[in-house]
Amino acid sequence: MSLFSTSLPRRRLLQGLLATGAVAPASALLAAEATKPALRGSFSVDDIHVGLHTSGVEKPVKLLMLADTHLSRDDERGAPYREFSARMAKAYNHTKHFRSKETTDPEQCFEQTLQAAQNSKVELLVLAGDIFSFPSEAAIEWVLSRLEKSGIPWLYTAGNHDWHYEGQPGTSTDLRRIWCKKRLSSLYQGGDPMMSAKQVGGVNVVLIDNSTYEIQPEQLAFFRQQAASGVPLVLFVHIPLYVPGRPVGFGCGHPQWGAAQDKNHLIERRPQWRTEGHSQVTLDFHREVFAASNLLGVFAGHTHQQTLDVWQGVPQMVVGANATGAHAVIEVLPPSAV
Ligand SMILES: [Fe+2]
């Protein structure tokens, strides 16, 4: 039987029982829920091409996601911040292309990815964080000019490096708020930096900023609204969500996340993760994401390695670093496209 088919005889039986009053309303609701077509069908991965099948769309919808380009172009406006940008400015000047293994660089990779998006006629670009190695005005302007020239609609959410000048005082939450407003605001096109959603061809594309590894109460409330809508949903975050067996790089909702596991805070010159670990809000978010029946998949960056996990029936793909040219082409497909 197809993953997308409903149980017609069961539905007719239920309708008959309801008509005779033989089924109590609560039971009827539960039974009706059970006969709904499953929104999350099969999924497939071929290299960087992902297919998410669902009965919730009538036509294919194509998206392209990129993360971790780590652009570091800078000019004289960045001079007062060199003390805070020096380490990351040197980190990704030259990279190896993810396919050819030849030497390349983040700017070339970003432009090639935009060209691929145009060639593939994607309907939306999702930029899922660490597009920049620090919030350089020159780099942000460069990206904006290329995005606008491409003519492709985009959504952006920040990564932990986009708003971080290493060594500046303040909590991660404070620094994110300051630099998202001061430097990154044009990338949000008037949207809320913490969370956004856009319906594309019947697919709800949802972005949530978890670049501090944590989730705020208003983000949990926002996700609940999206999950309750019943529309097929694809979730994009920068930090991968915890999946059993994965290290704290999959740090949003990870039970070991906390000061004892934070090995990089001195190198990155930032406050150490909290001793007491995750907030209840973050843990609730994690649990509810993997319980959302209309969620087709989760896409993240941050680790720079392409990986795929399936937990509680939900696929989570981490996309390789766009600093090497890697990205993902995601197609949401109706049953007829199988
Ligand atoms: Fe990164």
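Provided above is the structure to which this section pertains.
Reading the values: rules and limits
Residues numbered from 1 in each chain as written. Predicted model: local features only at pLDDT ≥ 70, side-chain atom pairs only at ≥ 80, totals over all residues. Helix = DSSP H or I, 4+ residues; strand = E, 2+ residues; numbered from the N terminus. Buried ≥ 20, exposed ≤ 12 C-beta atoms within 10 Å, placed from the backbone. Contact = placed C-beta atoms within 7 Å. Pairing = 2+ DSSP bridges. Axes fitted to C-alpha atoms, helices over the stretch in contact; angles between N-to-C directions. Arc of directions from axis to C-beta. Core = buried A, V, L, I, M, F, W, Y, C linked by C-beta atoms within 7 Å.

*Asks:* Whenever I open this one, the overall build of the chain confuses me. Can you help?
*Replies:* The helix and strand inventory of the chain stands at eight helices and 14 strands. Counting all 338 residues of the chain, 43% fall into the buried class. Across the chain, the fraction of contacts at a sequence separation of at least 24, relative to all contacts at a separation of at least 6, is 73%.

*Asks:* Teacher, can you tell me more about the sheet that holds strand E3 (residues 61-66) here?
*Replies:* Read from one edge to the other, the open sheet built from six strands follows the order E1-E2-E14-E3-E6-E7, with strand pairing classed as mixed. A single partner strand is all that each edge strand has here, and the edge strands are strand E1 (43-46) and strand E7 (154-157). Taken over all neighbouring pairs, the strand axes of this sheet differ in orientation by 20° on average, direction set aside.

*Asks:* How should the environment of Trp311 be read in this particular structure?
*Replies:* Here Trp311 is to be found in strand E12 (residues 307-311). Sequence separation between Trp311 and Val243 is 68 residues; the distance between their C-alpha atoms is 6.7 Å.

*Asks:* I keep staring at helix H6 (residues 172-182) and nothing clicks. Help me out?
*Replies:* An α-helical turn contains 3.6 residues, so any two residues separated by three or four positions project in the same direction. Listing the buried residues of H6 in full gives Leu175, Arg176, Trp179 and Cys180. Buried residues of H6, seen end-on, are gathered within an arc of 120° and therefore sit on one face of the element. Away from its buried face, by an angle of more than 90 degrees, H6 presents the exposed residues Thr173, Asp174, Lys181 and Lys182.

*Asks:* Help me understand unusual backbone geometry in this model?
*Replies:* Note on backbone geometry: most residues besides glycine have negative phi, and most peptide bonds are trans. One non-glycine residue with positive phi stands out, namely Asp68, at about 65°. The residue Asp68 is located in the loop between E3 and helix H3 (82-89) in this model. Look at His304: it is not a glycine, yet its phi comes out positive at around 70°. Along the chain, His304 turns up in the loop between strand E11 (295-300) and E12. Residue classification places His304 among the partly exposed residues on the basis of 19 C-beta atoms within 10 Å.

*Asks:* In this structure, what is going on with the nonpolar core? I would like to understand it.
*Replies:* Taken as a class, soluble globular proteins show a tendency for nonpolar side chains to be buried jointly. Met65, Val126, Val234, Leu235 and Phe299 are the most contacted members of the largest nonpolar core, which has 86 residues in total. The residues contacting Val234, other than those within four sequence positions of it, are Leu52, Val203, Val205, Leu296, Gly297, Phe299, Ile330 and Val332.

*Asks:* What is the right way to read the sheet that holds E12 from this model?
*Replies:* Backbone-to-backbone hydrogen bonds pair the strands of a sheet. The strands run either parallel or antiparallel. Across the sheet, which stays open at both edges, the six strands sit in the order E8-E9-E10-E11-E13-E12 with mixed pairing between neighbours. Every interior strand has two partners, whereas the edge strands, strand E8 (195-200) and E12, have only one. Across this sheet, the average inter-strand angle for adjacent strands is 20°, counted without regard to direction. Sheet analysis places E11 next to strand E13 (residues 314-318), joined by three bridges and oriented parallel. Residue pairing across strands places Ala300 opposite Val318, the latter belonging to E13.

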